[in-house]
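Now for the letters of each chain:
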Amino acid sequence: MLARAASSRSRLAGPRAAIALACTVALSAACATLDGTSNDGVNLPSAGDGPFRPLVGAELAVGAVPPYVFGVQAQAYEQPSAVGVNDDPSSAEVWMYCVAHPKGGAVIVRTHALDGRSFYGDATDNEDTSHPAHAAPTVLSADQAWEGGTVTAPSALRANGQVWLYYAGAGGIGVAQSSDGLSFTKVPQPVLTPDATATWETSTPGAPSVAVFPDGTWHMLYAAGGAIGEATSPDGLTWTRADGNPILAPSPTVDPSTLGPGETPPFDEGSVDDPVLAPQTTFDGRFQVRVLYTGYLEAPGGTAVRDSAIGVAGRFGTSGPLTRQAAPTYTAKLHERAAAFFEYAGGSLLYVGEDDTSLSSTSPFPGIAGAYAPATETLPPPSAFADSP
Amino acid sequence: MRAAGRLLAALLPVAAACWAADARANPLDVFGFGSRGTAMGGAVSADVTDFSACYYNPAGLALAHGLEISVGYFRADQSLYMNGKNSGVDPVKGVVGGAVVPGKVFTLPFAFGVGFHIPDDWLTRVRALPQDQPRWELYDNRNQRLWFGVDLAISPFPWLQIGGGVTFMAATKATLDISGHVDLFGPTDSSLRHQVDADLTLIAYPSIGARIEATKDLSFALVYRGQFSMDLNVDANVQAGVGLGRAGDLTTLLLALQTDTVDAFLPQQVVGGISYKPTETLHTNFDLTWVNWSAYQPPVTRIMTQLNVPPPAGGWPAGIQPPTVPAPTVVLPIQIHDIVIPHLGVEWRAITQRTWEGFLRAGYEFQKSPIAAQTGPTNYVDRDRHSVSAGLGLRLPAPATLLPGDVRLDAHVQYSVLPTETTTKVDASDPVGDYTAGGHIWNVGMMATVGF
């Protein structure tokens, strides 16, 4: 009898359990319709060189006018160059060298940001009256005859334990070296001067940008005659022009009558200038040369301020011509020019000289704007301003 | 006369299918429909009789023995990576289920079936991305959608079942009207009013199938699923005064914007299937699905703009550049080709007791990526996919007097791996550059079916 009862329980237990489980499944299904979230546009692969978007207010110090990161009307900062303060790839701490125009002259100054955005001596930094006024110190000024009274277009890099600062003067391209990035010793003579055999160089070489490639060879890109050339060096001091110059010329001119509705001519069909050399080895082992540059719609020589945008070009390998993207990597319609590039684990920052309209929309002055890539991602809140340059 | 009646009856489901204009696009192609079919790698076109026949082969509905209601839930977590970073592709999850109602037309077996997949998060999701933005083309966005199918099936002869039906989906058309004042340098001082008029319209699209029982142990199936695409059309009209500060309007801006996006496109498919029962307790199935991916239309938004901004009296102020009309979108070819997907599935009735039966299931399917290597400007990311699956089933015949039919419980787990491969760009100035992509997907779910 007990055995039969047990058997009966066992036969019923299966169906009842199944029906109960079926009800549970149905109930859980009904309860499972929960809100969802989308995680779009993050962690996307990127070559790191844009497209860039201007920084927004939440990414800058309180009181700063986006997208400007370094602007003082009396100094008219422009032509930035950025170099990491340390070798930590995750650090956004950066030194920026740029041209200042105190009283109409042109000198090179240095500033400093812990987060890549809040620069020592910016106008917003000096709105804080709890500390003495911060001013970006001059690190290089014209004192050599070949410089012609002006030093411009700084390009900083770290090599051999020193900061090397290439710059342009009236007679060519020079270099200075420093152990602390503040006190520089110039090489007295320019390291690249005009060469009559380089017929495409219809103007004095300028706007240098230098990097050391993995094979130890130094490479310099420079601008001349509305195009970009390349030179190489074993030591950063003795330079030889590369074969095949220029490696980047203006885009071929397009007949406006051939353009369709809404189409515009190439943004860089007038000239290309201000190269920024940013080599990298991709994760799959290919050596890639990335170059940001200023593209001008009109050829140089006119009196009007030319329309411009920041473009990107590149090549695989250590030599040869560059190919370019048809669309600019950054454009703001504010005469942007002479960009600097700073890449760290968090992303890429672009510093661009452009018309600063933060004080007046109709009378802008030169200032340095900040932009970021990947454009789909947002930077964390800024840190405090650096307390030293 | 009797034969003519059978023929007429056979044509009914076909006619029902042909009534619709286009065919289905759904998450079911990727993750399966119902636990039994998913556990068997989708190889059930010749061996399906429950609600999931609405997707796999409507003809199978005609073999149902009684009213059945099924409901369940599944969740597919997609761990897909680019350059080792999780792409954040949303999971696909939701309630699935359906019902089968058999009967007779004249003297012929007849069945009506409905099936549905109701996602948790979005009834439908349409998203247009720039062509160069990397995205998991076949796994992101397009699988976030409602699916609802209604099918009819009939068995004009004991050895032949024919079925067909329609599936419903929504398309979106919207108009956005904006008017007000735009301050060129003071966005916070701008005041705009907007009005949105949006319509969610139904699209119906067909599928038809046939099943032939060659012998008691051998069956064949042929299924056709048509082509489907979902359009998102948004028209925007902007009429606003444009000015500087509080100086009043300088001019009036008139902007007419028309966007047209084809999204969630799924190509037509043909499935051929075979089911063989070597023993009374073992089903071995094999399906081949041809997918006409070469007809794929990239989900790129085509924009047509008309802009009229007359210069103010005295011309534009210094430093102000009037806006210009962007050039029409140039859609780059995606380079995608047709594929054939093999599906393998087995089902073994491992335990047979007087009051219950237990089933073990397993399956495999391989989908070679139809998208060519993205070495150019576009980045429609995809990889080959191997899916292995397993499942358990429990059948309780007539467990209670209230339930004269079966109660069935089914569960599945499916693991898909997309082997990591490197995409190498031709152009060194490509803003995306080289990247690796790959990952895996876990898909688990349960179903409960009650027969009456």
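Residues numbered from 1 in each chain as written. Chains lettered and ligands numbered in written order. Predicted model: local features only at pLDDT ≥ 70, side-chain atom pairs only at ≥ 80, totals over all residues.

1. Remarks on the overall build of chain B
In step 1: A tally of helices and strands in chain B yields four helices and 20 strands.
In step 2: Here chain B holds 452 residues, and the buried ones make up 45% of them.
In step 3: Excluding contacts between residues fewer than 6 apart, the proportion of contacts in chain B whose partners are at least 24 apart in sequence is 71%. (Helix = DSSP H or I, 4+ residues; strand = E, 2+ residues; numbered from the N terminus. Buried ≥ 20, exposed ≤ 12 C-beta atoms within 10 Å, placed from the backbone. Contact = placed C-beta atoms within 7 Å.)

2. Thoughts on the overall build of chain A
In step 1: Summing up its helical and strand segments, chain A has one helix and 21 strands in all.
In step 2: Relative to its full complement of 389 residues, chain A shows a buried share of 45%.
In step 3: Restricting the contact set of chain A to residue pairs at least 6 apart, pairs at least 24 apart contribute 53%.

3. A short note on unusual backbone geometry
Residues and elements named next belong to chain A.
In step 1: Following glycine 50, the chain continues into proline 51 via a peptide bond in cis, with omega recorded as 5°.
In step 2: Residue proline 66 is joined to proline 67 through a cis peptide bond whose omega torsion reads 5°.
In step 3: Topologically, proline 67 is positioned in the loop between strand E1 (53-54) and strand E2 (68-70).
In step 4: Here alanine 153, not a glycine, exhibits a phi torsion of approximately 50°, which is positive.
In step 5: With respect to the helices and strands, alanine 153 occurs in strand E7 (residues 152-159).

4. Here's the deal with the nonpolar core
In step 1: Membership of the largest hydrophobic core comes to 93 residues, with the highest contact counts inside it found for Met96, Leu165, Val291, Ala339 and Tyr351 of chain A.
In step 2: With seven residues, the single largest contributor to this core is strand E4 (residues 94-100) of chain A.
In step 3: Aside from chain neighbours lying at most four places away, what touches alanine 339 of chain A is Asp274, Val276, Leu292, Ile310, Leu350, Tyr351 and Val352 of chain A.
In step 4: Listed in part, the 67 residues of the second largest apolar core include Met40, Val44, Cys54 and Ala448 of chain B. (Core = buried A, V, L, I, M, F, W, Y, C linked by C-beta atoms within 7 Å.)

5. A look at the environment of threonine 264 of chain A
In step 1: With respect to the helices and strands, threonine 264 of chain A occurs in the loop between strand E14 (240-241) and strand E15 (271-281).
In step 2: Sequence separation between threonine 264 of chain A and threonine 185 of chain A is 79 residues; the distance between their C-alpha atoms is 47 Å.

6. A look at the environment of aspartate 387 of chain A
Residues and elements named next belong to chain A.
In step 1: With respect to the secondary-structure elements, aspartate 387 resides in the segment after strand E21 (365-373).
In step 2: According to the C-beta neighbour criterion, aspartate 387 is exposed, with 11 such atoms within 10 Å.
In step 3: Spatially, the C-alpha atoms of aspartate 387 and alanine 299 are 42 Å apart, while their sequence positions differ by 88 residues.

7. A word on the pairing of strand E3 (residues 78-84) of chain A
All names here are of chain A.
In step 1: Of all the seven residues making up E3, six are buried; the element is thus mostly covered by neighbouring parts of the structure.
In step 2: As judged from the five bridges shared by E3 and E4, these two strands associate in the antiparallel manner. By the bridge assignment for E4, glycine 84 is matched with valine 94. (Pairing = 2+ DSSP bridges.)

8. Topic: the sheet that holds strand E10 (residues 185-186) of chain A
Residue and element names in this part refer to chain A.
In step 1: Strand order in the open sheet made by the four strands is E7-E8-E9-E10, with antiparallel pairing throughout. Both edges of this open sheet fall to E7 and E10, since each of them pairs with a single strand only.
In step 2: As judged from the six bridges shared by E7 and strand E8 (residues 162-169), these two strands associate in the antiparallel manner. Across the sheet, residue arginine 158 finds its bridge partner in E8, namely valine 163.

9. Focus: the confidence of the model for chain B
Residues and elements named next belong to chain B.
In step 1: Per-residue confidence for chain B gives a mean pLDDT of 84; residues scoring 70 or more make up 81%.
In step 2: pLDDT under 50 marks residues 1-25. Its contacts with residues more than four places away, or in other chains, come to 64 contacts.
In step 3: Overall fold confidence for the complex sits at a pTM of 0.83, while the interface term, ipTM, reaches 0.84. (pLDDT = per-residue confidence, 0-100.)

10. Some points on the pairing of E21 of chain A
Residue and element names in this part refer to chain A.
In step 1: Burial runs high along E21: eight of the nine residues are buried.
In step 2: Inspection of the sheet shows E2 paired to E21 by two bridges, in the antiparallel sense. Each bridged residue has a counterpart across the sheet, and for phenylalanine 70 the counterpart in E21 is isoleucine 368.
In step 3: Direction of pairing for strand E20 (residues 347-356) relative to E21: antiparallel, over a ladder of nine bridges.

11. Brief notes about the sheet that holds E4 of chain A
Residues and elements named next belong to chain A.
In step 1: If you walk across this open sheet you meet the four strands as E3-E4-E5-E6, and the pairing is antiparallel. Here the strands that pair on one side only, and so sit at the sheet edges, are E3 and strand E6 (138-140). Direction aside, neighbouring strands of the sheet carry axes that sit 35° apart on average. (Axes fitted to C-alpha atoms, helices over the stretch in contact; angles between N-to-C directions.)

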